[in-house]
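Residue-level structure breakdown
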Amino acid sequence: MSSTELPSVPATNVLPKVTPVRVAEGERLRSVGLPGITLTVRSRPPAREGLPPALYVHGLGGSSQNWSALMEQLEGVVDGEAVDLPGFGDSPPPDDGDYSVTGHARAVIRFLDAAGRGPVHLFGNSLGGAVTTRVAALRPDLVRTLTLVSPALPEIRVQRTAVPTALLAVPGVAGLFTRFTKEWSAEERVRGVMALCYGDPGRVSPEGFRNAVEEMERRMQLPYLWDAMTRSARGIVNAYTLGGQQGLWRQAERVLAPTLLVYGGRDQLVGFRMAQKAARTFRDSRLLTLPEAGHVAMMEYPETVARSFLELLAEAGQLGDAPLSREPAVDGGGAVVGDGGTATESAGS
């Protein structure tokens with residue numbers, strides 16, 4: 001084994017026991033065994049029977065918990081489930097070690113096919129945005145609508161603040177980082193992640209911060225943590241370099257489902273300037289820009305994202321009898337909403 005590669009990960013059946021993952025009030029977890037993967041799925045009981053299904057897919061280093069606030073907002077509209085991608089959250093690594101965007105997309109497709117719940121309202125953030133874009137392009141039969149929050153789609157000029165994350169894809173960097181940060185406390189790690197991902201970390205409540213520290217402490221016990229992070233980061237970089245029909249922008253052009261695009265003006269990982277390109281590329285899109293939001297708008301401004309999703313359903317004729325607020329989609333995030341290709345870029349971005 002090369003000294004620049006991470007050590008091999010123990011088989012799933014010999015992984016050490018760690019602190020149980022947190023389950024918020026009203027949520028439940030279940031484990032789903034599929035060929036080559038085992039997925040943990042978080043859900044909330046729908047407000048009533050017969051609601052259309054939804055699936056939420058998190059980003060790099062995240063988990064299904066990233067969607068808890070939005071899931072609660074939409075529990076009267078969709079029957080929502082959030083998946084932990086292989087190697088993240090409470091899901092063990094995939095048997096084949098495939099953390100590519102295609103590998104994660106394959107996991108999502110296997111889950112949807114096995115559950116028989118499709119077509120679903122599909123949500124993705126960051127890495128999950130790239131994964132769900134690929135799913136929607138390859139399997140349009142599985143997708144009713146697509147909602148992308150800061151999707152990790154290829155950029156020619158990557159922001160400087162995103163470079164350290166991209167460097168995780170370089171062999172040996174993760175090992176150097178773990179040695180450099182081995183004395184960092186869980187609190188220090190969480191503050192660093194929040195400073196990178198939130199437009200305003202001050203919006204996080206004390207309880208939310210404590211929960212994040214608890215989850216960080218749990219993750220640091222996992223022997224495959226950095227392997228999953230490194231290989232998934234490498235998967236994003238590799239996906240950025242693909243051309244032809246496998247290119248993510250080319251696949252975005254093929255998405256047929258009505259699409260809601262959400263971009264934060266303070267996003268340090270996905271360039272806000274990409275919002276207009278995405279709005280032009282996805283053929284049936286609506287763009288929500290939040291100048292004060294960072295990389296995880298569904299966590300910072302769940303009410304605004306939920307309201308825009310309802311408006312997407314109304315425009316697509318899929319709202320049913322769910323309530324729709326007629327107030328403009330503007331709150332503390334300074335949201336500006338527009339139709340695909342003509343969205344208004346917000347001041348201060």
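Up top you'll find the structure we're talking about.
First, a word on what this report is: a plain description of the structure on this page. Model, not experiment: these values are computed from the prediction. (Residues numbered from 1 in each chain as written. Predicted model: local features only at pLDDT ≥ 70, side-chain atom pairs only at ≥ 80, totals over all residues. Heavy atoms only, no water.)

**Remarks on the packing of helix α2 (residues 101–115) against helix α3 (residues 127–138)**
Where α2 meets α3, the closest approach of the two axes is 9 Å, and the angle between their N-to-C directions is 65 degrees. It follows from the interaxial angle that α2 and α3 lie roughly perpendicular. Between α2 and α3 the crossing geometry is right-handed. For the pair formed by α2 and α3, the contact residues are Val101, Thr102, His104, Ala105, Val108 and Ile109 on the first element and Leu127, Ala130, Val131, Arg134 and Val135 on the second. Here the residues of the contact of α2 with α3 sort into eight nonpolar, two polar and one charged. (Axes fitted to C-alpha atoms, helices over the stretch in contact; angles between N-to-C directions. Helix = DSSP H or I, 4+ residues; strand = E, 2+ residues; numbered from the N terminus. Parallel < 35°, antiparallel > 145°, perpendicular 65-115°, else oblique. Left-handed = near helix turned anticlockwise from the far one by under 90°. Contact = heavy atoms within 4.5 Å. Nonpolar A, V, L, I, M, F, W, Y, C, P; charged D, E, K, R; others polar.)

**A closer look at the pattern of salt bridges**
In total, this model carries 17 salt bridges according to the counting rule given. Here Glu75 makes a salt bridge to Arg44, at a shortest N to O gap of 3.1 Å. Pair noted here: Glu75 is in the loop between α1 (68–73) and β4 (79–84) and Arg44 is in the loop between β2 (37–43) and β3 (53–57), with a separation of 31 residues, a long-range link. Residue Arg44 is classed as buried on the basis of its relative accessible area, which comes to 10%. The partner of Glu215 in a salt bridge is Arg219, with the nearest N and O atoms 3.0 Å apart. Residue Glu215 and its partner Arg219 are both found in helix α7 (residues 206–219); the two are separated by four residues, about one turn of the helix. Classification of Glu215 as buried rests on a relative accessible area of 7%. Note on Arg219: relative accessible area 15%, which makes it buried. (Salt bridge = Lys/Arg side-chain N within 4 Å of Asp/Glu carboxyl O. Buried < 20%, exposed > 50% of the residue type's maximum accessible area, 1.4 Å probe, protein only.)

**As for the environment of Val255**
Examined against the element boundaries, Val255 turns out to sit in the loop between α9 (248–254) and β7 (259–264). For the pair formed by Val255 and Thr281, sequence separation is 26 residues and the distance between their alpha carbons is 9.3 Å. Those residues in contact with Val255 that lie beyond four places of it in its chain are Thr133, Ala136, Ala137, Leu146, Phe282 and Arg283.

**Observations regarding a negative patch on the surface**
Where like charges cluster on the molecular surface, the negative patch consists of Glu187, Glu188, Glu214 and Glu217. Elements that contribute at least two residues to the negative patch include exactly α6 (186–197) and α7. (Patch = residues over 30% accessible without salt bridge, like charges linked within 9 Å, V, L, I, M, F, W, Y side chains within 5 Å. Areas by Shrake-Rupley, 256 points an atom, 1.4 Å probe, with all protein chains shown as cover. Lys, Arg positive; Asp, Glu negative; His and termini not counted. Charge placed at Lys NZ, Arg CZ, Asp CG, Glu CD.)

**Focus: the packing of α6 against α7**
Where α6 meets α7, the closest approach of the two axes is 9 Å, and the angle between their N-to-C directions is 115 degrees. In terms of orientation, α6 lies roughly perpendicular with respect to α7. Here α6 runs over α7; the crossing is right-handed. Residues Ala186, Glu187, Arg189, Val190, Arg191, Val193 and Met194 of α6 pack against Gly208, Phe209, Ala212, Val213, Met216 and Glu217 of α7. Broken down by class, the residue content of the contact of α6 with α7 amounts to eight nonpolar, one polar and four charged.

**Details of the nonpolar core**
One recurring pattern in soluble globular proteins is that nonpolar side chains are buried together. In terms of nonpolar packing, the biggest core is built from 54 residues, with Leu55, Tyr263 and Phe282 touching the most fellow members. It is α2 that provides the largest number of residues to this core, a total of seven residues. With residues near it in sequence (within four places) discarded, Leu55 still touches Glu81, Val83, Val108, Phe111, Leu112, Val120, His121, Leu122 and Phe123. In this structure, Val190, Met194, Tyr198 and Phe309 belong to the second largest nonpolar core, which totals 36 residues. (Core = buried A, V, L, I, M, F, W, Y, C linked by side-chain atoms within 4.5 Å.)

Honestly, that's just the spatial picture; any functional story needs more than this.
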